[in-house]
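These are the residues of each chain, in order.
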Amino acid sequence: MDELTSTTRTSSMPAGHPRVPPARVGILVANLGTPDGYDYWSMRRYLNEFLSDRRVIDYPRWKWQPILQTVILAKRPFSSGANYKSIWNESLNESPLLTITRRQTDRLRETLAARYGDAVIVDFCMRYGNPSVESVVSRMVEEGCTRILYFPLYPQYAGATVATANDQFFRALMKQFRQPTARVVDAYFEHPLYVEALAQSVERAYAQADSRPEKLVASYHGMPKRYLMQGDPYHCQCQKTTRLLRERLGWAADSIDTTFQSVFGPEEWLKPYTVEHVAELAKRGIRHIAVASPAFSADCIETLEEINGEIREAFLHAGGTQFTYIPCLNDDDAHIRALSTIITENLSGWLAPAAEAT
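In this text the structure is predicted, and so the values were computed from the model without any measurement.

Novice: Is there a simple way to think about the overall build of the chain in this case?
Specialist: When its secondary structure is counted, the chain shows 13 helices and eight strands. Relative to a compact globule of 358 residues, whose C-alpha radius of gyration would be 21 Å, the chain shows 22 Å and is just as compact. Overall, the C-alpha framework of the chain stretches about 80 × 50 × 45 Å when taken along its three principal axes. Burial statistics for the chain: of 358 residues in total, 53% are counted as buried. Look at the contacts in the chain between residues 6 or more apart in sequence, and 76% of them connect residues 24 or more apart. Accessible area for the chain stands at about 16,500 Å²; split by element, carbon and sulfur atoms hold 52% of it. Positive and negative side-chain charges of the chain, numbering 39 and 42 respectively, have mean locations separated by a distance of 4 Å.

Written out as structure tokens, the structure is:
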């Protein structure tokens, strides 16, 4: 850290010079976002920010905004609010995504402090909602972060997730008078420790199940098929994630199905659709399935309400009898190990762990 701190020593500063904090490296993890509450206006603010993002909905503004403002935002806050209410963490008055992301950050902070001491500041932000990217970047700069490693917690790259998170980070940097040096963490879908964490979560769920599921469904968040044709690598990275997971588990080629959920709007999205596929499995006589969510780093509305609610119901209604939901990796030990290792790898050249620095 000598290189970082040498420019911040105050012994030679003239009287009246503004305080310059010791230089440190910021590690900022980012997740999708969360409304502040499940009431109508909280949901409307959140949905307006989310659905106004051109990375998410890329229709021309003149066509999309009138529909969004007059039709969708008049009705959807009620239905989405009811869904959030069904999973809300009432004790902390926040969404599960916020609770879990905070726990992940706390554990990463503890792990990385053991490696780097007070040379790092670890925090989290949300692409949509609070804590905002801009507010946390500003705080990090005020606390002396001359370098920031930004880590969107999406294993697979997609324009509607990683790219828009990065966009918001760089917009926040544009507002800084003293701009820190920045790095962003790439998609980590094929990192061995991430695949290992996924495999362990599946093995744990299967060991705890009353009977062995006949099929594992790996359900990823969907996107319009058009994005794939335009060059977005998300679909390919999802398929590879499933293959790497299957190979690590040592299972047969037909043991895991890759599907896509959360379809929105009239155009065709990546297929097969999870809700339709699980119903088809039941109709084919498969009575017990397990569903995992490799694209989500933390349980959220799409997993707790959609998969463990709507998709479970579709399978059981079509004739299935047992549905095993495999939780996201959340703050599981293997997941924290994977994330902290990825962070350490991306800090190369900036910082060395204490054992290496001596």
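After that view, the rundown keeps rolling.
Novice: Just checking my understanding: could you explain the sheet that holds strand β6 (residues 256-261) for this structure?
Specialist: Each strand in a sheet pairs with its neighbour through backbone hydrogen bonds, running either in the same direction (parallel) or in the opposite one (antiparallel). Ordered in space as β6-β5-β7-β8, the four strands form an open sheet in which the pairing is parallel. What marks the edges here is a single partner per strand, and that holds for β6 and β8 (322-325). Along the sheet, successive strands turn relative to each other by an average axial angle of 25°, direction set aside. Helix α9 (residues 234-249) rests against β5 (215-221) and β6 of the sheet, and its axis sits at about 150° to β6. Helix α11 (residues 301-317) contacts β5, β6, β7 (288-292) and β8 of the sheet and is inclined by roughly 165° relative to β8.

Novice: So what exactly am I meant to see when it comes to the side chain of T101 here?
Specialist: The topology assignment puts T101 in helix α4 (residues 96-116). Classification of T101 as buried rests on a relative accessible area of 0%. Setting aside residues no more than four positions away along its own chain, T101 makes contact with N31, F124 and M126.

Novice: How should I be thinking about the pattern of salt bridges in this particular structure?
Specialist: One side chain can pair with another of opposite charge once the charged atoms of both are near each other. This structure, assessed with the given rule, holds 17 salt bridges. Here R139 and D123 are joined by a salt bridge, their closest N and O atoms 2.7 Å apart. Taken together, the residues R139 in helix α5 (residues 133-142) and D123 in strand β2 (residues 120-129) connect sequence positions 16 residues apart. Among the charged side chains, a salt-bridge network with shared partners connects E49, D53 and R127.

Novice: I would appreciate a short explanation of the pairing of strand β4 (residues 181-184) in the present structure.
Specialist: Sheet analysis places strand β3 (residues 145-152) next to β4, joined by four bridges and oriented parallel. Within β4, the residue paired with Y150 across the bridge is V184. At this point the chain moves from β3, through helix α6 (residues 159-174), to the parallel β4, and the crossover so formed is right-handed.

Novice: Honestly, α9 in this entry has me stumped. Any pointers?
Specialist: One turn of the α-helix equals 3.6 residues, which is why residues spaced by three or four share an orientation. Over its 16 residues, α9 runs 23 Å from end to end, which matches the ideal 22 Å to within 8%, given 1.5 Å per residue. Taken together, the buried positions of α9 are occupied by Y234, H235, Q237, C238, T241, T242, L244, L245 and L249. At its buried positions, α9 is contacted by α7 (192-208), β5, α8 (225-229) and β6. Directly after α9, the chain includes G250, whose backbone phi takes a positive value near 75°.

Novice: How do you make sense of the confidence of the model for the chain when you look at a structure like this?
Specialist: Detail in the predicted coordinates should be disregarded across regions flagged by low pLDDT. Within the chain, residue pLDDT values average 94, and 94% of them lie at 70 or more. In this model residues 1-10 is a low-confidence stretch, pLDDT under 50, and it forms 17 contacts with partners more than four residues away in sequence or in other chains.

Novice: Help me understand the nonpolar core, please; the structure alone is not making it clear to me.
Specialist: As a rule of thumb, soluble globular proteins bury nonpolar side chains together. Grouped together as the largest cluster of nonpolar side chains are 72 residues, with contacts concentrated most on F151, L216 and Y234. Leave out the neighbours within four places in its chain, and Y234 touches Q156, Y157, A158, Y220, H221, M223, F260, L270 and A295. One finds Y46, Y84, V162 and A165 within the second-largest nonpolar core, a separate group that totals 34 residues.

Novice: For this particular structure, what's the right way to read the packing of aromatic side chains?
Specialist: Within a pair of aromatic rings, the relevant descriptors are the distance that separates the centres and the angle that separates the planes. Counted according to the given criterion, the structure contains 15 aromatic pairs. Cluster of aromatic residues (ring-pair linked, three or more members): Y38, Y84 and W88. The ring of W350 carries the charged tip of R183 above its face, separated from the ring centre by 4.3 Å.

Novice: Would you explain the state of the cysteines in this entry?
Specialist: Every disulfide links exactly two cysteines, by a covalent bond between their sulfur atoms. Applying the stated criterion across every chain yields a total of zero disulfides. There is no disulfide at C125, and the cysteine sulfur nearest it, in C145, is 13 Å away. The buried category is assigned to C125, whose relative accessible area is 0%.

Novice: What is the right way to read the packing of α7 against α9 from this model?
Specialist: Between two packed helices, the angle of one axis relative to the other and the distance separating the axes together describe the packing. At a closest axis distance of 9 Å, the pairing of α7 and α9 adopts a crossing angle of 65°. Of the two possible hands of crossing, α7 and α9 adopt the one that is right-handed. Contacts between α7 and α9 involve Y194, V195, E196, L198, A199, Q200, V202 and E203 on the former and, on the latter, T241, L244, L245, R248 and L249. Its residues placed into classes, the contact of α7 with α9 shows eight nonpolar, two polar and three charged.

Novice: Please clarify how the sheet that holds strand β1 (residues 24-34) should be interpreted in this entry.
Specialist: Here four strands make up an open sheet; going across it, the order is β2-β1-β3-β4 and the pairing parallel. Strands with a single pairing partner mark the edges of an open sheet, and in this sheet they are β2 and β4. When the angles between neighbouring strand axes are averaged without regard to direction, this sheet yields 25°. Inspection of the sheet shows β1 paired to β3 by seven bridges, in the parallel sense. Opposite L28, over in β3, you have Y150 as the bridge partner. Seen against the sheet, α6 touches β2, β3 and β4 and runs at an angle of roughly 160° to β3.

About the thresholds
- Residues numbered from 1 in each chain as written.
- Predicted model: local features only at pLDDT ≥ 70, side-chain atom pairs only at ≥ 80, totals over all residues.
- Heavy atoms only, no water.
- Helix = DSSP H or I, 4+ residues; strand = E, 2+ residues; numbered from the N terminus.
- Rg over C-alpha atoms; globule rule 2.2 N^0.38 Å.
- Buried < 20%, exposed > 50% of the residue type's maximum accessible area, 1.4 Å probe, protein only.
- Contact = heavy atoms within 4.5 Å.
- Areas by Shrake-Rupley, 256 points an atom, 1.4 Å probe, with all protein chains shown as cover.
- Lys, Arg positive; Asp, Glu negative; His and termini not counted.
- Charge placed at Lys NZ, Arg CZ, Asp CG, Glu CD.
- Pairing = 2+ DSSP bridges.
- Axes fitted to C-alpha atoms, helices over the stretch in contact; angles between N-to-C directions.
- Salt bridge = Lys/Arg side-chain N within 4 Å of Asp/Glu carboxyl O.
- Right-handed = clockwise from strand over helix to strand, strands pointing away.
- Expected span 1.5 Å × (residues − 1).
- pLDDT = per-residue confidence, 0-100.
- Core = buried A, V, L, I, M, F, W, Y, C linked by side-chain atoms within 4.5 Å.
- Phe/Tyr/Trp six-rings, centres within 6.5 Å; stacked < 30°, edge-to-face > 60°.
- Lys NZ or Arg CZ within 6 Å of the ring centre and 35° of its normal.
- Disulfide = S-S within 2.5 Å.
- Left-handed = near helix turned anticlockwise from the far one by under 90°.
- Nonpolar A, V, L, I, M, F, W, Y, C, P; charged D, E, K, R; others polar.

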